[in-house]
Amino acid sequence: MGFIRSRSAVAPLRRGIPVQASAVATRRTSVVQAVAMHQPEDPMHCIRPGVLKDTARSFVAAFDQAVAGDVLYAVKCNPEPAVLRALWDGGVRHFDVASPGEIRLIRQMFPDAELHYMHPVKGRQAIRAAYQQYGVRDFVLDSMEELQKILEETGDAQDLGLVVRLALPKGNAVYDLSGKFGAAFDDAVELLRAVRMVAPKVGLSFHVGSQMLDPAAYERALELAGRVIAESGVVIDVLDVGGGFPVSYPGVTPPPLGDFMAAVARGVARLDLPAHCRVWCEPGRALVAPGVSLVVQVIKRRGNELFINDGVYGALSDAGVPGFRFPARMIRPFAAMADAPLEAFSFYGPTCDSADKMNGPFHLPADIRAGDWIELGQLGAYGSCLRTAFNGFDQARVVEVFDRPLLETPGYDLETCAA
Ligand SMILES: *Cc1c(COP(=O)(O)O)cnc(C)c1O
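Calculation notes
Residues numbered from 1 in each chain as written. Predicted model: local features only at pLDDT ≥ 70, side-chain atom pairs only at ≥ 80, totals over all residues. Heavy atoms only, no water. Helix = DSSP H or I, 4+ residues; strand = E, 2+ residues; numbered from the N terminus. Rg over C-alpha atoms; globule rule 2.2 N^0.38 Å. Buried < 20%, exposed > 50% of the residue type's maximum accessible area, 1.4 Å probe, protein only. Contact = heavy atoms within 4.5 Å. Areas by Shrake-Rupley, 256 points an atom, 1.4 Å probe, with all protein chains shown as cover. Lys, Arg positive; Asp, Glu negative; His and termini not counted. Charge placed at Lys NZ, Arg CZ, Asp CG, Glu CD. Polar contact = N/O pair within 3.5 Å; in protein donor to acceptor, adjacent residues only side chain to side chain. Disulfide = S-S within 2.5 Å. Near = heavy atom within 4 Å. Nonpolar A, V, L, I, M, F, W, Y, C, P; charged D, E, K, R; others polar. Pairing = 2+ DSSP bridges. Axes fitted to C-alpha atoms, helices over the stretch in contact; angles between N-to-C directions. Core = buried A, V, L, I, M, F, W, Y, C linked by side-chain atoms within 4.5 Å. Domains from an automatic or database assignment. Buried area = accessible area lost by both parts, 1.4 Å probe. Salt bridge = Lys/Arg side-chain N within 4 Å of Asp/Glu carboxyl O.

### Points about the overall build of the protein chain
Now for step 1: Of the regular secondary structure elements, the protein chain holds 12 helices and 17 strands.
Now for step 2: Its C-alpha radius of gyration of 22 Å places the protein chain within 12% of the 22 Å reference for a compact globule of 419 residues.
Now for step 3: Principal-axis analysis of the C-alpha atoms gives the protein chain an extent of 70 × 55 × 45 Å.
Now for step 4: Each of the 419 residues in the protein chain was classed as buried or not, and the buried ones make up 54%.
Now for step 5: In the protein chain, 74% of the contacts between residues at least 6 apart in sequence involve partners at least 24 apart.
Now for step 6: Taken as a whole, the protein chain presents about 17,800 Å² of accessible surface, with 53% of it coming from carbon and sulfur.
Now for step 7: Seen as two clouds, the 42 positive and the 48 negative side-chain charges of the protein chain have centres 5 Å apart.

Structure (structure tokens):
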């Protein structure tokens, strides 16, 4: 049988050369200037390093103040190197990784980073490489079978951190994650006892679901975690409250970050944990969503439907069936912008699939026409990383800009990033 060489079909994001060529221009470029400079016919990803850095700094400081805990960035949310560097600059030192590719990337970029393998169902080779090649010691698990596998593939290592992932009842997150991973109450009790026998560091984790708008969800989950811990009689070293922290979208303003931190602090305080126990969290969306926006071009207008050059097979996957709306503004750098009233528009993506449709509504000036550009904000999370090469639409470029986000989430201090 032949050897199959794997090759990514998706073109990497192209750097915008003219913007990068001048350090001065880079430092001060706005989205509008970048559009004027490139007149991009392919989707253009606008990374805001200052916003990413300030967002990370705000979050890390708030979590430290609440529970003196560690913030693990969930890499799957956006693994773009410029994004990772900005988060590092903002003080993120821990990474929630879930695959050999993510482990390799973070290890290469940040030799001193702390990696935590937070996927509860791993391949044997992946476990071996993580432990032996990349120095990963922390592994999450939700079954005896996975524990057995970790012990076998690390040669019964004596220096493991083993974290049991607890299943939560179906919650009210925008993205419910309760179905796929996690041990039920009794299994989690048994697993905690089992890992305590073999590992010097043990913990319990959960995930309330993504874009969780209710701070009390963290308190409820912590209460359940507390009952598992008490029932097991195990002294734990790590308690991981997961990700799910929300950001603003049009028509959705979450409670301020401080409310979530206070809920976590209250929930943790009730548990009577040993003094040495570290609290972790694994934010993805909250750290990166505001830090990247996407500029698309209108190819054709048909009534209030716009055919644009990116879609659900590109960076706008969440605008499709999940129905996320994103803040939008028209950019028309070479002609006067009439003060047209805003109207509701829907989008079609560039592929020939009729499912490549985004209902929005996206509110844009009534006179928008082919050739205009649109900036869509809050796309730093689960945007560019979900691009495919379907139908040959795999080109996109990336530039760095210094605008503030189109929408701000309460509780984050973005003072230093202002352009
Ligand atoms: C995806 C994921 C996260 C990040 O979730 P957000 O909702 O983006 O904060 C954190 N932890 C685990 C285990 C995940 O799978």
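### A few points about the side chain of Asp 70
Now for step 1: Position of Asp 70 among the secondary structure elements: in strand S3 (residues 70-74).
Now for step 2: For Asp 70, a relative accessible area of 14% corresponds to the buried category.
Now for step 3: At a separation of 2.7 Å, a polar atom in the side chain of Asp 70 contacts the side chain of Arg 278.
Now for step 4: Residues in contact with Asp 70, not counting those within four places in the same chain, are Phe 63, His 94, Arg 278, Val 279, Trp 280 and Cys 281.

### Description of the state of the cysteines
Now for step 1: On inspection of all chains with the given rule, the structure shows zero disulfides.
Now for step 2: Cys 281 forms no disulfide, and the closest cysteine sulfur to it belongs to Cys 77, at a distance of 13 Å.
Now for step 3: We classify Cys 281 as buried; its relative accessible area is 0%.
Now for step 4: Take Cys 385: it sits in no disulfide, and the sulfur closest to it among the cysteines is that of Cys 77, at 6.6 Å.

### A few points about the site of the ligand
Now for step 1: Around the ligand there are 13 residues in total, and Lys 76, Ser 210, Gly 244, Glu 282 and Tyr 382 lie nearest to it.
Now for step 2: Here Arg 285 contributes a backbone N or O atom positioned 2.9 Å from an oxygen atom of the ligand.
Now for step 3: Considering the ligand on its own, with 390 Å² of exposed area, one finds that the protein chains cover 90% of that surface.
Now for step 4: When the residues that make up the shell around the ligand are grouped by side-chain class, the tally is three nonpolar, five polar and five charged.

### Brief notes about the sheet that holds strand S9 (residues 238-240)
Now for step 1: Pairing is parallel around the closed barrel formed by eight strands, whose spatial order is S3-S4-S5-S6-S7-S8-S9-S10. The sheet shows a mean angle of 25° between the axes of neighbouring strands, direction not considered.
Now for step 2: For S9 and strand S10 (residues 278-281), the ladder comprises three bridges, and the chain directions are parallel. Directly across from Val 238, in S10, lies its bridge partner Arg 278.

### Comments concerning the environment of Leu 316
Now for step 1: Tracing the chain through its elements places Leu 316 in the loop between strand S12 (305-308) and strand S13 (328-331).
Now for step 2: With relative accessibility at 1%, the residue Leu 316 sits in the buried group.
Now for step 3: Separated by 42 residues in sequence, Leu 316 and Met 358 have C-alpha atoms that sit 8.3 Å apart.
Now for step 4: Among residues more than four places away in sequence, those in contact with Leu 316 are Leu 294, Ile 308, Asp 310, Gly 311, Met 358, Leu 376 and Leu 379.

### Quick word on the nonpolar core
Note on soluble globular proteins: their nonpolar side chains tend to be buried together.
Now for step 1: Ranked by size, the top nonpolar core spans 114 residues in total, and within it Phe 59, Phe 63, Tyr 73, Phe 95, Phe 139 and Ile 374 carry the most contacts.
Now for step 2: Residue contributions to this core reach at least three from each of two domains, namely domain 1 (19-49 + 289-400) and domain 2 (50-288).
Now for step 3: When sequence neighbours within four positions are dropped, the list of residues in contact with Tyr 73 reads Asn 78, Leu 84, Leu 87, Val 92, His 94, Phe 95, Asp 96, Pro 283, Gly 284, Leu 287 and Val 288.
Now for step 4: Counting residues in each nonpolar core, the second largest holds 10 residues, with Ala 34, Met 44, Trp 373 and Val 401 among its members.

### Here's the deal with the domain arrangement of the protein chain
Reports of interface size often rely on the accessible area that becomes lost once the parts have come together.
Now for step 1: Each assigned domain of the protein chain is listed with its residue range as follows: domain 1 (19-49 + 289-400) and domain 2 (50-288).
Now for step 2: Inter-centroid distance (C-alpha atoms) of domain 1 to domain 2 is 32 Å.
Now for step 3: Across the boundary between the two partners, domain 1 contributes 20 residues, which contact 24 residues of domain 2.
Now for step 4: Where domain 1 abuts domain 2, roughly 1,800 Å² becomes buried across the two surfaces, and 61% of that area is made up of carbon and sulfur atoms.
Now for step 5: A per-residue breakdown of the area domain 1 buries against domain 2 is headed by Pro 49, Phe 324 and Tyr 382, which together make up 31% of the total.
Now for step 6: Between the two partners, domain 1 and domain 2, sit zero salt bridges.
Now for step 7: At the boundary of domain 1 and domain 2, one finds 11 residue pairs in polar contact (both at pLDDT 80 or more).
Now for step 8: Its residues placed into classes, the side of domain 1 that touches domain 2 shows 12 nonpolar, four polar and four charged.

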